[in-house]
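Structural features, examined
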Amino acid sequence: GYPVYYVFNVDGTVIGSNSIAQQRNDLDRINVFPNPYYGGHRLETSDFDRFVYFSNLPMMCNIYIYTLNGELVKVINRNTTDPKNSLEKWDLTNLDNIYVASGMYIAYIDAPGIGTKILKLAIMTPEERIRRF
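First things first, this report covers the structure right here in the doc. Here the structure is a predicted model, which is why all the values come from computation and not from measurement.

Taken as a whole and assessed by the stated rule, the structure comprises four aromatic pairs. An angle of 40° between the planes, with centres 6.3 Å apart, marks the rings of Tyr-64 and Tyr-108 as tilted. One end of the pair, Tyr-64, is in strand 4 (residues 60-67); the other, Tyr-108, is in strand 7 (residues 103-111), with 44 residues separating them in the sequence. A ring pair is formed by Trp-90 and Tyr-105, whose centres lie 6.1 Å apart and whose planes are at 75°; its orientation type is edge-to-face. Residue Trp-90 is located in strand 6 (residues 88-90), and its partner Tyr-105 is located in strand 7; the two are separated by 15 residues in the primary sequence. The same class applies to Trp-90 as to Tyr-105, namely buried. Through a chain of ring-to-ring contacts, three or more aromatic side chains come together here, namely Phe-33, Phe-51 and Tyr-53. Above the face of the Tyr-99 ring, Arg-50 is positioned so that its terminal group lies 4.5 Å from the ring centre. Over the aromatic face of Phe-51 sits the side chain of Lys-89, whose NZ or CZ is 4.2 Å from the ring centroid.

Turning next to the pairing of strand 7. Of the strand pairs in this sheet, strand 4 and strand 7 are connected by six bridges, and their pairing is antiparallel. From the neighbouring strand, Tyr-66 faces strand 7, where its bridge partner is Ile-106. Taken together, the nine bridges between strand 7 and strand 8 (residues 115-124) define a ladder with antiparallel strand orientation. Within strand 8, the position partnered with Tyr-105 by the bridge is Leu-121. Between the end of strand 7 and the start of strand 8, which pair antiparallel, lie three residues, with Gly-113 showing a positive phi angle near 85°.

What follows covers the side chain of Lys-74. With respect to the element layout, Lys-74 can be found in strand 5 (residues 72-79). Notably, Lys-74 is buried but unbridged: the nearest opposite-charge side chain belongs to Asp-91, and the N-O separation is 4.0 Å. For Lys-74, the side chain forms a polar contact with the main-chain oxygen of Asn-94, separated by 3.5 Å. For Lys-74, the residues in contact, after removing those within four places along its chain, are Ile-63, Tyr-64, Ile-65, Trp-90, Asp-91, Thr-93, Asn-94, Leu-95 and Asn-97.

In this section: the sheet that holds strand 4. Strand order in the open sheet formed by five strands is 2-8-7-4-5, with mixed pairing between adjacent strands. What marks the edges here is a single partner per strand, and that holds for strand 2 (37-38) and strand 5. Pairing of strand 4 with strand 5 involves seven bridges; the strand directions are antiparallel. In the sheet register, Tyr-66 faces strand 5, and the bridge partner there is Leu-72.

Reading guide: rules and limits
Residues numbered from 1 in each chain as written. Predicted model: local features only at pLDDT ≥ 70, side-chain atom pairs only at ≥ 80, totals over all residues. Heavy atoms only, no water. Phe/Tyr/Trp six-rings, centres within 6.5 Å; stacked < 30°, edge-to-face > 60°. Helix = DSSP H or I, 4+ residues; strand = E, 2+ residues; numbered from the N terminus. Buried < 20%, exposed > 50% of the residue type's maximum accessible area, 1.4 Å probe, protein only. Lys NZ or Arg CZ within 6 Å of the ring centre and 35° of its normal. Pairing = 2+ DSSP bridges. Lys, Arg positive; Asp, Glu negative; His and termini not counted. Salt bridge = Lys/Arg side-chain N within 4 Å of Asp/Glu carboxyl O. Polar contact = N/O pair within 3.5 Å; in protein donor to acceptor, adjacent residues only side chain to side chain. Contact = heavy atoms within 4.5 Å.

Quick look at the structure:
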């Protein structure tokens, strides 16, 4: 036999690269959960702690949430330097910090230098109980 030689070259981990994100179509991995939202889930700690998560987000992006008729409900500006954090929380409130009504919503994610992604969300808020005296 002939001696076998292997040569490896490792440049290190690259984070925050828009060109790599475009090549891998990272925007296709963006998701929202739980979807549909049924008035609560086990991660919520109280009746007033309502939220959904957007996952697999780039480090810098803006999330615009709209009603089906095109009214802007909420803007979430994401700018993190933590490469391990790909989640962003929406507390299900509108621009006036009031909980949104049950219905369908559109999330438009704009990642500068990478592209855009559109998601549909179904929100079913818990039924409010009215006390009768």
